[in-house]
Every structure is written in C-alpha cells, then in structure tokens.
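Working through the structure, step by step
Here is what each chain is made of, one letter per residue.
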Amino acid sequence: MRIKNVPFLDLSRQHRPIEKKLIRAFEKITQQNGYILGSDVDKFETEFSTSTGATYTIGTANGTDALLLALKAFNISHGDEVITVSHSFISTALAITYAGATPVFVDIEPKTYTINPHLIEQSITSKTKAILPVCLYGLPVDFNELKKLCKKHNLKLIVDACQAHGATYNNQPMGSFADAVCYSFYPGKNLGALGDAGAVTTNNKKIAAIIKTMRNIGRTGWYEHPILGYNSRLDTIQAAFLRLKLQHLNTWNKQRQLLAKRYSDKLRNLPFSLPLIPANMSHVFHLYCIRSAKRNQLKVYLERKGIAAHIHYPIPIHKQKAYRSYNKQHLPVTEKVAEEILSLPLFPGMTKKEQDKVVAEIHLFFTR
Ligand SMILES: *Cc1c(COP(=O)(O)O)cnc(C)c1O
C-alpha cells in the first residue's frame, strides 16, 4: 500500500495496544469513589522516582505548575532573577514570571540547542537565585558545567525536563543531577497522560514536603493551611493512566531512538544539520529537529506532499508580545535557529514506510 499522508504524531497507535488496560483502570476508579490523590497518585510517584533516579516525586496538574512549584519551594520570588533560555516553550519563562521573579535569557549552543554554559556567568548578578535550563527535544543539558556554576555562585539548579522523560547523562537518569527536575505529561510528551499532568522530582526531603503541601492548596490537615498553596494536584485518573504508560516508556523511547538513527543515516549527505548527541548523553527524541537555511520552502514542500512538519519554536520567548519588555534583546543563535529549524514526524508506532516517504521527499526537494 502506498503511503498518502504522514502525520506529525498519532497517539492512537500508542494507546490501541493498551486500550483494554486503560479502560480497566478507568472502571476501577469509578468503582472506588476516589478521584483526588489517593493510592494511584502515591504509587505513580514512587514508580516515577524509581524510573528517574530521584528520591521524591510530587505529581502536579501540569508541567507549567511543576516549574512554578519548584521555584516557589526554593523561595524564589519578587526581586529574584532566574537564568533560562528563550529557545523553549513559553511555559519555561511563564513559571518564573508567575513566581514573581524575572527571567534572564541566555543564548543557546548552535548544535545542541540547549543553554550555552559559557554565556551564563556574564548574566549572573547579586539577584540571581537559580539556573533553569531546558532539556529541549529530549536531550539532557550540560550538567557538569551547570553544576559547577551553581556551586560557585550558590545558585539552585531547577531543570525543565518536560521533553526528556527517560533521558540519561553519564549513563544515569537525570533525577540526581539537579535540585529539582520538572516534567510535563501533556498527552504528546514522551510520557503523556490522557489530559494535563506534570511532576517535580527532587532528592531534597524538605523541598518535596513543601511542594506536596503547596500543590494541595497549602493543606496539612483537612482544613489546616499553614502556607498559601495552589490547586495543582495530579488527577487520580491521570495517575492511573500514567502508571500503565510508564511501563512502556523505555520501549517507546527506544523506538524513537531507532527512528531517529534511521533518519540520521538516510539524511546524512544532504545540506543541512542533523541532531547532535554528545557522547555522555542519551537523547530521547521527543522531537527530531533538522536545521536548514531552506526551512520555509522545505516545510511547504513537505506539506504539499502530505507530510506534517512543525517548527519548535518559530518565535523565541524574548520576541513574544507577552514578553514585550524583552523584545529589543538580541540573542543571535536563538534567533537564527528559530529561522532554520524543522521538526520531522517521529513518534512510537510510526512505520518505516512512512519514514521512507519523508526521507524520499526530502531527497527530492534537495536534488530536484
Ligand atoms: C510541555 C512543556 C512545558 C509545559 O508543560 P504543560 O504540561 O503543558 O504545562 C514546559 N516546558 C517545556 C519545554 C515543554 O515542552
């Protein structure tokens, strides 16, 4: 059969093989009458800690809140600065803004698309409290360099791993490399719920306890609220689904890595950059992103051929209207990359035939 259209992502292929189990999990919850927190949330938190190598996991309503609660737990607020990147999904900066602090954008490395540790020191002031790097597209950040900087300047390292579930650094899961690591389980992420969900992992007992209270409207007793909290709990039903899906995360990540390798093998001799994987890291390919000066024409060409390709992200955060006070800042690598990147279809369940069609059309585009 000839392939007509190649979707960017098709979650139904992930869910179909486990559909019966998902339905059974749903039925169990409707029979037990417990919809908020409870044993599925506790168990998911324990299981996710095991998988990330962290001591504690605290489920939250989404990834944006995971970042916000982590910042708040470290007392980051008005008057504080947090160093981060502009080449990310806007939530990275929003969480800093919601905490009352000021995001300070640093440029990225042109090959890995993650924060350039060598540009950080010049942005550190007496107000800087934390570095918030992003494991973009599924690639860990340069933890060695970042930890050195945090130690030297007494800063917290809070990581946005919303795209990097299961990625490793020096063959270790990322859980123990930072003060807190934040995850999103938005449906399209490598580990996704069937709705919104998120989590923070940490090895710090005190911080874990604060986040646990904070996500549950600041509650310690039934009607006792020692702190101003949020309603940002991980739903029981989503925790039950996530427990089932977590069992498949490694298999799905391996599929992503195989598809990525296949792309890189078959696209090697064309005039654009392929994803780079530093030797001490594993990339879990939430997105497979190429970089070409002909990006716009290529995207239109692929769309005409029925292939969905997206840009992550076309407008850097410091150029968004929502961050208009930053609009005049110049981050040369971030701005150039935003003009040239293109994410190709890649998802668990994607067939080789679909991938071959993408590869063939890209070859045609560059050789016609
Ligand atoms: C998805 C994502 C978030 C936000 O997560 P939500 O669950 O949608 O709130 C934050 N940062 C990055 C890099 C993301 O990809």
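Residues numbered from 1 in each chain as written. Predicted model: local features only at pLDDT ≥ 70, side-chain atom pairs only at ≥ 80, totals over all residues. Heavy atoms only, no water.

1. Overview of the overall build of the chain
Heads up, the condition is: Under the DSSP-based scheme used, a helix requires at least four consecutive residues in state H or I and a strand at least two consecutive residues in state E, with every element numbered from the N terminus. To get the radius of gyration, use the C-alpha atoms; to get the globule rule, take the number of residues to the power 0.38 and multiply by 2.2 Å. Three exposure classes are used, based on accessible area relative to the maximum for each residue type with a 1.4 Å probe and protein chains only: buried under 20%, partly exposed in between, and exposed over 50%. Residue contacts follow a heavy-atom distance rule, with two residues in contact if any of their heavy atoms lie within 4.5 Å. The Shrake-Rupley method, run with a 1.4 Å probe, gives the accessible areas here. Residue values count only the displayed protein chains as cover.
Across its full length, the chain holds 12 helices and 11 strands. For the chain, whose C-alpha radius of gyration is 21 Å, the value lies close to the compact-globule estimate of 21 Å for 368 residues. Taking the principal axes of the C-alpha coordinates as reference, the chain spans close to 70 × 55 × 40 Å. Per-residue burial for the chain yields a buried fraction of 57% across its 368 residues. Within the chain, contacts between residues separated by at least 24 positions form 71% of all contacts whose residues are at least 6 apart in sequence. Looking at the chain as shown, the accessible area adds up to about 16800 Å², and 53% of this sits on carbon and sulfur atoms.

2. Quick word on the site of the ligand
Spelled out, the test is: By convention in these notes, a residue is near a molecule or strand provided one of its non-hydrogen atoms lies within 4 Å of it. Side-chain atoms alone can form a polar contact between residues adjacent in sequence; in general such a contact is a pair of N or O atoms within 3.5 Å, and within protein one must be able to donate a hydrogen while the other accepts it.
As a structural note, the neighbourhood of the ligand is formed by 13 residues, with Gly-63, Thr-64, Asp-160, Ser-184 and Lys-189 the closest of them. A distance of 2.7 Å is found between a nitrogen atom of the ligand and a side-chain nitrogen or oxygen belonging to Asp-160. Note that an oxygen atom of the ligand is positioned 3.0 Å from one of the side-chain N or O atoms of Lys-189. Here the ligand, which alone exposes 380 Å², has 93% of that area covered by the protein. For the shell around the ligand, the secondary-structure elements that each account for two or more residues are helix 4 (63–73) and helix 5 (91–98).

3. Quick look at the environment of Asp-179
Here Asp-179 is to be found in the loop between strand 7 (172–173) and strand 8 (180–184). Take Asp-179: its relative accessible area is 26%, and that puts it in the partly exposed class. Separated by 114 residues in sequence, Asp-179 and Asp-65 place their C-alpha atoms 16 Å apart. Not counting chain neighbours up to four residues away, the residues in contact with Asp-179 comprise Phe-74, Leu-155, Lys-156, Leu-157, Thr-201 and Thr-202. A distance of 2.7 Å separates the side chain of Asp-179 from the backbone nitrogen of Leu-157, its partner in a polar contact.

4. Here's the deal with the side chain of His-87
Mapped onto the secondary structure, His-87 falls in the loop between strand 2 (81–85) and helix 5. Looking at His-87, the relative accessible area reads 3%, which means it is buried. A distance of 3.0 Å separates the side chain of His-87 from the side chain of Tyr-137, its partner in a polar contact. When neighbours within four sequence positions are excluded, His-87 is seen to be in contact with Ile-108, Tyr-113, Leu-136, Tyr-137, His-312, Tyr-313, Thr-334, Val-337 and Ile-341.

5. Considering the packing of helix 2 (residues 19–32) against helix 8 (residues 236–246)
Put simply, the rule is: Note on method: axes are straight lines fitted to C-alpha atoms, helices fitted across the in-contact stretch only, with angles between N-to-C directions ranging 0 to 180 degrees. The hand of a helix crossing depends on one turn: near helix anticlockwise from the far one by less than a right angle means left-handed, and clockwise means right-handed.
At a minimum axis separation of 10 Å, helix 2 and helix 8 run at an interaxial angle of 150°. Between helix 2 and helix 8 the crossing geometry is right-handed. Contact residues: helix 2 offers Lys-21, Leu-22, Ala-25, Phe-26, Ile-29 and Gln-32, while helix 8 offers Thr-236, Ile-237, Ala-240, Phe-241 and Leu-244.

6. Considerations on the pairing of strand 8
What counts here: Pairing between two strands is assigned when DSSP locates at least 2 bridges connecting them.
When you tally the buried positions in strand 8, you get five out of five residues, the bulk of the element. Side chains Ala-180, Cys-182 and Ser-184 of strand 8 all project onto a buried face; the interleaved residues Val-181 and Tyr-183 project onto the opposite face, where all are buried too. Pairing geometry for strand 5 (residues 156–160) and strand 8, over three bridges, is parallel. Residue Asp-160 lies in a different strand from strand 8, and its bridge partner there is Cys-182.

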